[in-house]
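# Descriptive structure summary
What follows is each chain in one-letter form.
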Protein chains: 2
Amino acid sequence: MYSIKKVSEMLGIPTVTIRAWEKRYQIINPVRSNGGHRLYSEEDINTLNWIKNQMDEKDLKISEAVSLLKQKTVDRVADVELYTIKKERDNLIEMLYQDLIGLNTIKAHKTIDLAFSLYNYVDVFHNILAPVLYRIGTEWEDGKIAVAQEHFSSQIIMQRCSQFLWSLPIQPNLPKGLSLCPEGEHHQMGLMLFSLFLRNKGLDITYLGPDTPLNELPAIIRMKDISLVVISITNPDNIEELEAWVKTCRRDFPDVKIVLGGTGFQNQRTTMSSYVLPDKVSDWETWYTSTIDK
Amino acid sequence: MYSIKKVSEMLGIPTVTIRAWEKRYQIINPVRSNGGHRLYSEEDINTLNWIKNQMDEKDLKISEAVSLLKQKTVDRVADVELYTIKKERDNLIEMLYQDLIGLNTIKAHKTIDLAFSLYNYVDVFHNILAPVLYRIGTEWEDGKIAVAQEHFSSQIIMQRCSQFLWSLPIQPNLPKGLSLCPEGEHHQMGLMLFSLFLRNKGLDITYLGPDTPLNELPAIIRMKDISLVVISITNPDNIEELEAWVKTCRRDFPDVKIVLGGTGFQNQRTTMSSYVLPDKVSDWETWYTSTIDK
DNA sequence: TAGATTTTGTATAGTTTATGTACAAGTAAT
DNA sequence: ATTACTTGTACATAAACTATACAAAATCTA
């Protein structure tokens, strides 16, 4: 906390002027001491300094510098207020896409917050977050958008999804599960959605995520007393290794259920087709009632 | 024990003034003799001396020096309290470590929640989450724990950290920043901590995270009007490529500030050493005041 | 373009607060 | 008895506060 004299000396602005700016343009709001003297915070000084720099560098008048400053703050708020108007789902998807492509952390999270406030979370996952990430993933593969944009987007969306992985209630009597993509696999949205589906049913799912070495699974299965393993694959080249692993798993843990999924299985012949799960969410329900909720 | 006159002569402060300070600012509390005369302890004299030095050296008013003093004692009390619950903190670290190693999503989040309820968030980041992740990272490199355990742990800790990246308030007049690790780099905890440090100062930081291709940065810098780029490196092999990039960046964006960090720079000769940031958090403050908060 | 109006920095007046010091009247120490 | 200390009140000066005023510069208007 600084007195007006200190600030005046630091910034080279007369005290009268500082007070006049405060009164005329409401750019700062210093705290007062018991006796009513102004006490300036770092933030206040920042603002004054910025104003003065703008005036000096760009030869602006005080009023112009102030409206620049207000513009900066207003931009954020206005963006957020816009959301309350446009709230149809397609709009939300487009907005979120733009936020993510534009690397706007704050706006993206605000949009997701809005989505969660308008729709139930299952709906948000499947009809907003997943489509956006799918679109971004496709455009990334086509080279239409940059790596950084794709990483940034999936990082934010995955983060929001995984919050639900630990906040939803668990029913301890249901089986425990493990979900993962093998090494070299990075597309985890499908895996996340299915894990959330199971988590929503009350299963205790440990989400290991992408790039998990299959040879580590037996130890984990034993340690956590797992009875359901969910594996997602995008690249068909990984099927062979997975096939071998499934075989040993069936032998070592005959009671453990295995579920496979992901685009890697489309139009591929494999000995494991009985474990492969369809993409449709309605089929998930069928699978669940027949396999887990028997 | 010293009489008021002795103290006055020792410190060069009139007796009247000493009494006025005692009455007005409650900074000292000298014992009284039977007859009511003040008897000053060494501690009282130290306090007075400190106050006087502050006023002389930093040209502070008595009221300002006093509030500094009170702040100092508050800090010390906090230190002492911290010390008494240091055991508790070590306990938390151990608990969290066990939760993460045991792949217990829910318990790990509960432990982190507990940590946030006991300490301020900066403390939690630097003294609980970072040490745990560091320990797990080391044990992973030594082959003591599995890949799955390391991935799982860093996924959870990063998720908790990044929540702060978009919930802390922003000061729009401060510069905008970008933080990232280049391609092939995966250790992001240091980058995250420094990003949080800047975010905490009110800077609008876009966290791109690990594995970001450097050649995409110019477009992003233009798009988001970035004026600060933070890059972290663990592997010294990446220094050469980074050096080239820094050179072109300096040429194309002379106004953009660059900050480099990470263990990759330890004991390495490089032309970029002027941009390299020390590890110590106190040095971060120095860097900030001299570079951003000029 | 001349004159009116607005913007902006600064000045001034009358108070109030902050801070160091002075003084009076009484008590303690030696 | 003399010197030092106590409390309480008072006072002077510096620094801030509010409010109003004013002049130069910039901008608008007829």
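Criteria and cut-off values
- Residues numbered from 1 in each chain as written.
- Chains lettered and ligands numbered in written order.
- Predicted model: local features only at pLDDT ≥ 70, side-chain atom pairs only at ≥ 80, totals over all residues.
- Heavy atoms only, no water.
- Near = heavy atom within 4 Å.
- Helix = DSSP H or I, 4+ residues; strand = E, 2+ residues; numbered from the N terminus.
- Nonpolar A, V, L, I, M, F, W, Y, C, P; charged D, E, K, R; others polar.
- Contact = heavy atoms within 4.5 Å.
- Buried area = accessible area lost by both parts, 1.4 Å probe.
- Salt bridge = Lys/Arg side-chain N within 4 Å of Asp/Glu carboxyl O.
- Polar contact = N/O pair within 3.5 Å; in protein donor to acceptor, adjacent residues only side chain to side chain.
- Buried < 20%, exposed > 50% of the residue type's maximum accessible area, 1.4 Å probe, protein only.
- Pairing = 2+ DSSP bridges.
- Axes fitted to C-alpha atoms, helices over the stretch in contact; angles between N-to-C directions.
- Phe/Tyr/Trp six-rings, centres within 6.5 Å; stacked < 30°, edge-to-face > 60°.
- 1 Å grid on protein atoms, 1.4 Å probe; cavity = no way out; pocket = protein on both sides within 12 Å on 5 of 7 lines; lining within 4 Å.
- Points joined across faces, edges and corners; volume = space filled by probe spheres on them.
- UniProt positions renumbered as here; feature names shortened; annotations may be inferred.

Chain A is annotated in an unreviewed UniProt entry as MerR family transcriptional regulator from Ornithinibacillus xuwenensis.

As a structural note, the neighbourhood of DNA strand D is formed by 18 residues, with Lys-5, Arg-19 and Arg-38 of chain A together with Arg-19 and Arg-38 of chain B the closest of them. For DNA strand D, the fraction of atoms within 4 Å of the protein that belong to sugar or phosphate moieties is 91%. Here the element with the most residues in the surface near DNA strand D is helix α2 (residues 15–25) of chain A; it accounts for three residues. Partitioned by chemical class, the residues of the surface near DNA strand D number two nonpolar, five polar and 11 charged.

Right, let's talk about the interface of chain B and chain A for a bit. At the interface, 46 residues of chain B touch 46 residues of chain A. Summed over the three residues of chain B that lose the most area to chain A, namely Trp-166, Pro-172 and Asn-173 of chain B, the buried surface amounts to 18% of that side. Connecting chain B to chain A are one salt bridge. Linking chain B with chain A are 17 residue pairs in polar contact (both at pLDDT 80 or more), by the criterion used here. If you list the elements that add at least two residues to the side of chain B that touches chain A, you get α6 (105–118), α8 (147–167), β4 (204–212) and α10 (217–224) of chain B. It is α8 of chain B that provides the largest number of residues to the side of chain B that touches chain A, a total of 11 residues. The residue inventory of the side of chain B that touches chain A, partitioned by class, reads 19 nonpolar, 14 polar and 13 charged.

All right, on to the pattern of salt bridges then. This structure, assessed with the given rule, holds 21 salt bridges over all chains. Close ionic contact of Asp-123 of chain B with Arg-89 of chain B constitutes a salt bridge, the shortest N to O distance being 3.6 Å. Of the two residues, Asp-123 of chain B sits in helix α7 (residues 121–141) while Arg-89 of chain B sits in helix α5 (residues 86–101), which places them 34 residues apart along the sequence. One salt bridge connects Glu-139 of chain B with Arg-135 of chain B, and the closest N-O pair in it is separated by 3.6 Å. Taken together, the positions of Glu-139 of chain B and Arg-135 of chain B, both in helix α7 and four residues apart, correspond to about one turn of that helix. According to the relative accessible area criterion, Glu-139 of chain B is buried, its value standing at 16%. Three or more residues joined by partner-sharing salt bridges are found here, namely Glu-22, Arg-32 and Arg-38 of chain A.

On to the protein's contact with DNA strand C. Near DNA strand C you find 27 residues, and of these Tyr-25 and Ser-63 of chain A together with Trp-21, Tyr-25 and Ser-63 of chain B are the closest. For DNA strand C, the backbone portion of the atoms within 4 Å of the protein, that is sugar and phosphate, comes to 65%. At 2.8 Å, a side-chain N or O of Arg-24 of chain B approaches a base nitrogen of DNA strand C. The contact in question runs from a sugar or linking oxygen of DNA strand C to an N or O atom on the side chain of His-37 of chain B, over 3.5 Å. Only α2 and α4 (62–85) of chain A together with α2 (15–25) and α4 (62–84) of chain B provide two or more residues apiece to the surface near DNA strand C. Of the residues assigned to the surface near DNA strand C, the class counts are 14 nonpolar, nine polar and four charged.

Residues and elements named next belong to chain A. With parallel pairing, four strands are arranged side by side in an open sheet as β4-β3-β5-β6. Since the sheet does not close on itself, it has two edges, and those belong to β4 (204–212) and β6 (257–261), each with one partner. Taking the axes of each pair of neighbouring strands and ignoring which way they run, one obtains an average angle of 15° across the sheet. One ladder, built from four bridges, connects strand β3 (residues 176–182) with strand β5 (residues 228–232); its direction is parallel. Bridge pairing links Ser-179 to Val-230 in β5.

On to the packing of aromatic side chains. Residue and element names in this part refer to chain A. Under the definition given, this model contains 20 aromatic pairs over all chains. Ring centres 5.0 Å apart and planes at 80° place the aromatic pair Phe-194 and Trp-284 in the edge-to-face group. With Phe-194 in helix α9 (residues 189–201) and Trp-284 in helix α12 (residues 281–291), the pair connects residues that are 90 residues apart, well separated along the chain. Accessibility expressed as a relative area gives 4% for Phe-194, which makes it buried. Given the relative accessible area of 7%, Trp-284 is considered buried.

Turning next to the side chain of Arg-160 of chain B. Among the secondary structure elements, Arg-160 of chain B is positioned in helix α8. Contacts of Arg-160 of chain B, omitting those with residues within four sequence positions, involve Trp-166 of chain A together with His-109, Ile-112, Asp-113 and Phe-116 of chain B.

Now for the layout of surface pockets. Of the voids in this model, the second largest pocket is the one considered here, and its volume is about 1200 Å³. Of all the elements in the fold, those that place two or more residues in the lining of the second largest pocket are α3 (42–58), α4 and α6 (105–118) of chain A together with β4 and α10 of chain B.

This part is about the UniProt feature "domain: HTH merR-type" (unreviewed entry) in chain A. As recorded in UniProt, the feature "domain: HTH merR-type" (unreviewed entry) lies at residues 1–71 of chain A. For residues 1–71 of chain A, helix accounts for 65% and strand for 6%, while the C-alpha atoms at its two ends are 27 Å apart.

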